[in-house]
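Below, each chain spelled out in residue letters.
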Amino acid sequence: MSTIGAAIIGCGAIAPLHARAILSMEGARLVAVADSDPERAAQAAQDYGCESVTDYKQLLGRTDIGIIHLCTPHHLHAAMAVEFLQAGHHVLTEKPMAIDVSSAQRMQEAAAVSKGQLGVVFQNRYNEPSIRIKETIDSGILGQLICMKGIVTWNRNEAYYTESSWRGKWATEGGGVLINQTIHTLDLLQWFGGEITSIKGSVTTDVLNEVIEVEDTAHACILFKNKVRGLFYGTNAYSVNSPVELELIFELGTLLLRRDCLYLWKDGHETLLCEPLSTAVEGKSYWGTSHNLLIRDFYKHIIDGREFWIDGNEGIKALEVIDGIYTSSEASGKKWAMDSLKLT
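Residues numbered from 1 in each chain as written. Predicted model: local features only at pLDDT ≥ 70, side-chain atom pairs only at ≥ 80, totals over all residues. Heavy atoms only, no water.

Trainee: In this structure, what is going on with the pairing of strand β13 (residues 261-266)? I would like to understand it.
Mentor: Regular strands have side chains that alternate between both faces of the sheet. In terms of strand pairing, strand β12 (residues 254-258) meets β13 through 5 bridges, oriented antiparallel. Within β13, the residue paired with L255 across the bridge is L264. Between β12 and the antiparallel strand that follows it, β13, lie 2 residues; R259 among them carries a positive phi value of about 50 degrees. Across 5 bridges, β13 lies against strand β14 (residues 269-274) in antiparallel orientation. Bridging across to β14, L262 finds its partner in C274. (Pairing = 2+ DSSP bridges. Helix = DSSP H or I, 4+ residues; strand = E, 2+ residues; numbered from the N terminus.)

Quick look at the structure:
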């Protein structure tokens, strides 16, 4: 089997998860890392036994690099992805795929005419509870889904924003708790629920208003085409990072995600369906444990010549939900309908 060369752009907190996944795979080789900070790039290159550059453009068109991992600040994803796709590389980008819908659409357009594929990192779709929930919905074993809710109560303090100048700003982060922390939960809700017909929501800055331009708290009521109602609440204003909570109520039972364990409540009894893997979690616990699974699956799709399933068309859906919440909030609670809103 031929070896696929890879490069990681951006050597911040998330990059080690990508690097370790690449290094653990047969048929993959980490060729280079890139970061505008020379010391950080050099340290990463030393850690992973590869070369380093400070200008990512040096990697464009290199025939020994097939896959680009984008681990950069949000506002850099779109332009970089378009450049590498136009040069024929495959691109796997961290979430969010872009800071707004229009930028994400440009990425999709570039991917549509590129020899390379575009993949988006929504690793929580690979968590066993997420898979079990989706299988339950699709199989109809518990009847129709009636309603669901997702709750994220995390903590991001002043230092989190001040230590990285791009965070907490509309122009570079693209938003606050919605686009950075709770986007994974919103992605799961839309993946479970399907096509959305309306969103009503609001955003506020409850604690960090003197520190950030963006929101630290949001809530939304999401109505799906199949009449399922989804409720969402997310905040960075809690004092700790609590496990994400999900509840999905069906005609014949309820699925609950608590502390990363999935339970079924049916006929007055609660049954544990699955629990977290016993293996050590790489990175921060609230990132989940499935980065490695997603990255390996992306590579397998590339090797097999198949289209990766979390592509630009899938990645943009969570951004559209976020855009809907922002638009609803700006409209002072007026109903927002996807078929009547002009996304820009």
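Okay, back to it.
Trainee: Can you help me understand the environment of I196 in this one?
Mentor: Among the structural elements, I196 can be located in strand β8 (residues 196-204). Accessibility expressed as a relative area gives 9% for I196, which makes it buried. It is 31 Å that separates the C-alpha atoms of I196 and G305, two residues lying 109 residues apart in sequence. (Buried < 20%, exposed > 50% of the residue type's maximum accessible area, 1.4 Å probe, protein only.)

Trainee: What's the story with the sheet that holds strand β3 (residues 51-53) in this structure? I'm lost.
Mentor: Within a beta sheet, neighbouring strands are joined by backbone hydrogen bonds and run either parallel or antiparallel to one another. Read across the open sheet, the 6 strands follow the order β3-β2-β1-β4-β5-β6; overall the sheet is parallel. The open sheet is flanked by β3 and β6 (118-121), the only strands paired with a single partner. The average undirected angle you get between the axes of adjacent strands in this sheet is 25 degrees. Direction of pairing for strand β1 (residues 4-9) relative to strand β4 (residues 67-70): parallel, over a ladder of 4 bridges. (Axes fitted to C-alpha atoms, helices over the stretch in contact; angles between N-to-C directions.)

Trainee: Help me out: how do you make sense of the packing of helix α1 (residues 15-24) against helix α10 (residues 291-304) in this one?
Mentor: Two quantities define a packed helix pair, namely the angle between the axes and the distance from one axis to the other. For the pair α1 and α10, interaxial distance at closest approach is 9 Å and the crossing angle is 55 degrees. As summarised for this structure, α1 and α10 are arranged oblique, according to the angle between their axes. The two elements α1 and α10 meet at a crossing, and its hand is right-handed. Note on element contacts: α10 touches α1 through H291, N292, I295, R296 and Y299, opposite L17, H18, A21, I22 and S24. (Parallel < 35°, antiparallel > 145°, perpendicular 65-115°, else oblique. Left-handed = near helix turned anticlockwise from the far one by under 90°. Contact = heavy atoms within 4.5 Å.)

Geometric values such as these leave the question of function open.
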